[in-house]
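Fold and geometry: a report
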Amino acid sequence: MSSKAENQPLDMMSAYANGREAFEHGCYRESIEWLLQAIALANRNSRIGGEIQLWLVSAYQAAGQQPEAISLCRQLQLHTHWETRKQSKRLLYILEAPQLEKKAEWLTQIPDLSNVDDQDLTERMGVGSFSPSSVKPKAPAPDPIDWSQVDTQESRLVWVALILLLGVLGGLVYLG
């Protein structure tokens, strides 16, 4: 998505739609620009004005602008539309919640590949040359079982007990 919020004046609904689309694609700063333009064209106290501002709170939070998100959310608690007030209270509760401590073993480190040249990158992706030394041998097949070493006496006892149990159940079904 390209940043057109300041270059192209639109109607409120188009700016709002562009802001939501930018947000959904992870372009949070662009989303903020579009949503601010939509708010400038909307009645802030209307239902749609409150909805746009709630999206702006989310965009602020996603862009790392926590103070702006909290400030706007507090303002929205006084909004004329009750659904906007209710949503802003929920969002504010989330925004002001204490941050959990993240332990290092909970996180997966993603290596920085910005300094890797194209040749090294294609080799890492498997597009480069093939090297037989990089192929791992298959694990050996498990040894076959020597049945002469297996104690089958306990297995016979289980079969006898199972046959007796089935006989008793069969008798109960026949008599019942």
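Here the structure is a predicted model, which means the values were calculated and not measured.

**Structural notes on the packing of helix 3 (residues 47-62) against helix 5 (residues 82-95)**
- Contact geometry for helix 3 and helix 5: axes closest at 10 Å, N-to-C directions at 10°. In terms of axis orientation, helix 3 runs roughly parallel to helix 5. Across the interface between the two elements, Arg47, Gly50, Glu51, Leu54, Val57, Ser58 and Gln61 of helix 3 pack against Thr84, Gln87, Ser88, Leu91 and Leu95 of helix 5.
- Among the residues making up the contact of helix 3 with helix 5, the classes are represented as 4 nonpolar, 6 polar and 2 charged.

**Things to note about the nonpolar core**
- Residues Ile52, Leu56 and Val57 are the most contacted members of the largest nonpolar core, which totals 26 residues.
- Put simply, the parts of the chain that give this core at least two residues each are helix 1 (12-24), helix 2 (28-41), helix 3, helix 4 (66-76) and helix 5.
- A per-element tally of this core places helix 3 first, with 7 residues.
- Sequence-distant contacts of Ile52, that is, excluding residues within four places in its chain, are made with Met12, Tyr16, Leu35, Ala38, Ile39 and Ala42.

**Thoughts on helix 1**
- The end-to-end C-alpha distance of helix 1, which contains 13 residues, comes to 18 Å, matching closely the 18 Å that a straight helix rising 1.5 Å per residue would cover.
- Here helix 1 has its buried residues at Met12, Ala15, Tyr16, Asn18, Gly19, Ala22 and Phe23. The buried residues of helix 1 occupy an angular sector of 165° when projected down its axis, which confines them to one face.
- If you follow the buried residues of helix 1, they end up packed against helix 2 and helix 3.
- Where helix 1 ends, the next residue or the one after it, Gly26, has phi of about 85°, a positive value.

**Re the pattern of salt bridges**
- Inspection of every chain in the model, using the stated rule, returns 4 salt bridges.
- Ionic pairing is found between Arg20 and Glu51, a salt bridge with its closest N-O pair at 4.0 Å. Separated by 31 residues along the polypeptide, Arg20 in helix 1 and Glu51 in helix 3 bring together distant segments of the chain.
- Among the ionic pairs, Glu51 bridges to Arg47, the shortest N-O distance being 3.0 Å. In this pair, Glu51 and Arg47 are both assigned in helix 3, 4 residues apart and thus about one turn of the helix distant.
- Given the relative accessible area of 26%, Glu51 is considered partly exposed.
- Each of the salt bridges in this network shares a partner with another, and the network as a whole consists of Arg20, Arg47 and Glu51.

**Things to note about the packing of aromatic side chains**
- On inspection of all chains with the given rule, the structure shows 2 aromatic pairs.
- For the pair Phe23 and Tyr28, a centre-to-centre distance of 5.3 Å together with 65° between the ring planes defines the contact as edge-to-face.
- Aromatic side chains Phe23 and Trp55 sit 5.4 Å apart centroid to centroid with 85° between the ring planes, which places their arrangement in the edge-to-face category. A residue pair is termed long-range when its members are at least 10 positions apart, and Phe23 in helix 1 and Trp55 in helix 3 qualify at 32 residues.
- Three or more aromatic residues joined by ring pairs form one cluster here, namely Phe23, Tyr28 and Trp55.

**Some words on the packing of helix 1 against helix 3**
- Packing of helix 1 against helix 3 brings their axes to within 11 Å, and their N-to-C directions diverge by 30°. By the angle between their axes, helix 1 is roughly parallel relative to helix 3. Crossing geometry of helix 1 relative to helix 3 is assigned as left-handed. Taking contact as the criterion, the partners of Met12, Met13, Tyr16, Arg20, Phe23 and Glu24 in helix 1 are, on helix 3, Ile48, Glu51, Ile52, Trp55, Ser58, Ala59 and Ala62.
- Counted by class, the contact of helix 1 with helix 3 contains 9 nonpolar, 1 polar and 3 charged residues.

Criteria and thresholds
Residues numbered from 1 in each chain as written. Predicted model: local features only at pLDDT ≥ 70, side-chain atom pairs only at ≥ 80, totals over all residues. Heavy atoms only, no water. Axes fitted to C-alpha atoms, helices over the stretch in contact; angles between N-to-C directions. Helix = DSSP H or I, 4+ residues; strand = E, 2+ residues; numbered from the N terminus. Parallel < 35°, antiparallel > 145°, perpendicular 65-115°, else oblique. Contact = heavy atoms within 4.5 Å. Nonpolar A, V, L, I, M, F, W, Y, C, P; charged D, E, K, R; others polar. Core = buried A, V, L, I, M, F, W, Y, C linked by side-chain atoms within 4.5 Å. Buried < 20%, exposed > 50% of the residue type's maximum accessible area, 1.4 Å probe, protein only. Expected span 1.5 Å × (residues − 1). Arc of directions from axis to C-beta. Salt bridge = Lys/Arg side-chain N within 4 Å of Asp/Glu carboxyl O. Phe/Tyr/Trp six-rings, centres within 6.5 Å; stacked < 30°, edge-to-face > 60°. Left-handed = near helix turned anticlockwise from the far one by under 90°.

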